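Reading the structure
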Amino acid sequence: MPATHPPATTPMPATPKPDPKPFAAPPQGLTPVGDDDEFDVLVDSQFFASVGASGAGPDAAPHATPGATPHAWQFGLIGLLAKLESLRLQFAGCRFSTDTDHLLDRIEAMVLLTEEFSRLHDFPDASMETQMTALAKAGTFYAVLNDTRHTGPATNSLFKNMIAKMSSAEPAPGAAVRECLALGIETLHAHFSLFTEMYRSSIKARNWVDAASSFLADFKQMSRAIPEA
């Protein structure tokens, strides 16, 4: 009998390796778009790294804040942004040559509101560097503001307004007021970045980041468009 051979078998194809997951790019509003517009957006790269390192998923709870629930924190941010937007709209139609006091008062009020809100909450220890940056930005802003007004040491806004009305000094030049506005926007940006660090994931922070980024971008564009005279 002829030798029998086992039937030829076709080798099983190797199981294809799954395609690598595409890189998850940060949502719009979390990545800077250029040096010139570095304050138009918030940088949130820390959160993408922390989620993978700690194993926390996108639904991780935000940091606990004494005296404030997550809902209270969200409503607080919404209320703060609404007040800032109301003040920002008061810049419309202003000119540096004729509305110096008006412009300085509004940007000061915006920084004061933001600082007061930050004092109501305890931020995570990991955000200490961001806290120091926000404090430094605020200090620089107030120093330039006082130099622009030439009214001496920092006092409350009501007293400053009274001094400004009683003073017969020449209005500050447009370049100095423009610098104050730019520093004020930088100070708001620094505090907004600090507020973002109250979230443990970028998914939770996305709505806030998008809203804050849009506000800063609109405000910066408005300040650039204010005419000198």
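Scoring rules and cut-offs
- Residues numbered from 1 in each chain as written.
- Predicted model: local features only at pLDDT ≥ 70, side-chain atom pairs only at ≥ 80, totals over all residues.
- Heavy atoms only, no water.
- Phe/Tyr/Trp six-rings, centres within 6.5 Å; stacked < 30°, edge-to-face > 60°.
- Helix = DSSP H or I, 4+ residues; strand = E, 2+ residues; numbered from the N terminus.
- Buried < 20%, exposed > 50% of the residue type's maximum accessible area, 1.4 Å probe, protein only.
- Axes fitted to C-alpha atoms, helices over the stretch in contact; angles between N-to-C directions.
- Parallel < 35°, antiparallel > 145°, perpendicular 65-115°, else oblique.
- Left-handed = near helix turned anticlockwise from the far one by under 90°.
- Contact = heavy atoms within 4.5 Å.
- Nonpolar A, V, L, I, M, F, W, Y, C, P; charged D, E, K, R; others polar.
- Patch = residues over 30% accessible without salt bridge, like charges linked within 9 Å, V, L, I, M, F, W, Y side chains within 5 Å.
- Areas by Shrake-Rupley, 256 points an atom, 1.4 Å probe, with all protein chains shown as cover.
- Salt bridge = Lys/Arg side-chain N within 4 Å of Asp/Glu carboxyl O.

1. Considering the packing of aromatic side chains
- A complete count under the given rule lists 12 aromatic pairs for this structure.
- Arranged with centres 6.3 Å apart and planes meeting at 80°, the rings of Trp 73 and Phe 123 form a pair that is edge-to-face. Taken as a pair, Trp 73 in helix H2 (residues 70-89) and Phe 123 in the loop between helix H3 (100-119) and helix H4 (128-149) lie far apart in primary sequence, 50 residues in all.
- Their ring planes at 80° and their centres at 5.2 Å tell us that Phe 117 and Phe 195 sit as a pair that is edge-to-face. Of this pair, Phe 117 sits in helix H3 while Phe 195 sits in helix H6 (residues 174-196); the two residues are 78 residues apart in sequence, bridging distant segments of the chain.
- Residue classification places Phe 117 among the buried positions, given a relative accessible area of 10%.
- Clustering of aromatic rings is evident, with ring pairs tying together Trp 73, Phe 91, Phe 117, Phe 123, Phe 192, Phe 195, Trp 208, Phe 215 and Phe 219.

2. Overview of the packing of H4 against H6
- Where H4 meets H6, the closest approach of the two axes is 9 Å, and the angle between their N-to-C directions is 160°. Considering the angle they form, H4 stands roughly antiparallel to H6. The handedness of the crossing between H4 and H6 comes out as left-handed. On H6, the residues that touch Thr 130, Gln 131, Thr 133, Ala 134, Lys 137, Ala 138, Thr 140, Phe 141, Val 144, Leu 145 and Thr 148 of H4 are Ala 176, Val 177, Glu 179, Cys 180, Leu 183, Gly 184, Glu 186, Thr 187, Ala 190, His 191, Ser 193 and Leu 194.
- The class makeup of the residues in the contact of H4 with H6 is 11 nonpolar, 9 polar and 3 charged.

3. A look at the environment of Ala 138
- Note on placement: Ala 138 falls in helix H4.
- Using a relative accessible area of 3% as the deciding quantity, one classes Ala 138 as buried.
- If near-sequence neighbours (up to four positions away) are discounted, Ala 138 is found in contact with Glu 115, Thr 187 and His 191.

4. As for a nonpolar patch on the surface
- Together, Met 128, Met 132 and Leu 135 line one region of the surface with nonpolar side chains, adding up to about 300 Å² of accessible area.
- Relative to the assigned elements, Met 132 resides in helix H4.
- For Met 132, a relative accessible area of 44% gives the class partly exposed.

5. Comments concerning the pattern of salt bridges
- Overall, the coordinates contain 6 salt bridges when judged by the stated rule.
- Residue Lys 137 pairs with Glu 186 through a salt bridge whose shortest N-O separation is 3.1 Å. Within this pair, whereas Lys 137 is found in helix H4, its partner Glu 186 is found in helix H6, the two being separated by 49 residues in sequence.
- Take Lys 137: its relative accessible area is 27%, and that puts it in the partly exposed class.
- As a salt-bridge pair, Arg 178 and Glu 228 come within 3.0 Å of each other at their nearest N and O atoms. Here Arg 178, found in helix H6, pairs with Glu 228, found in the segment after helix H7 (202-225); they are 50 residues apart in sequence, far enough to count as distant.
- What makes Arg 178 partly exposed here is its relative accessible area of 29%.
- On the basis of relative accessibility, which here comes to 40%, the residue Glu 228 falls in the partly exposed class.
- Salt bridges sharing common partners tie together Asp 105, Glu 108 and Arg 149.

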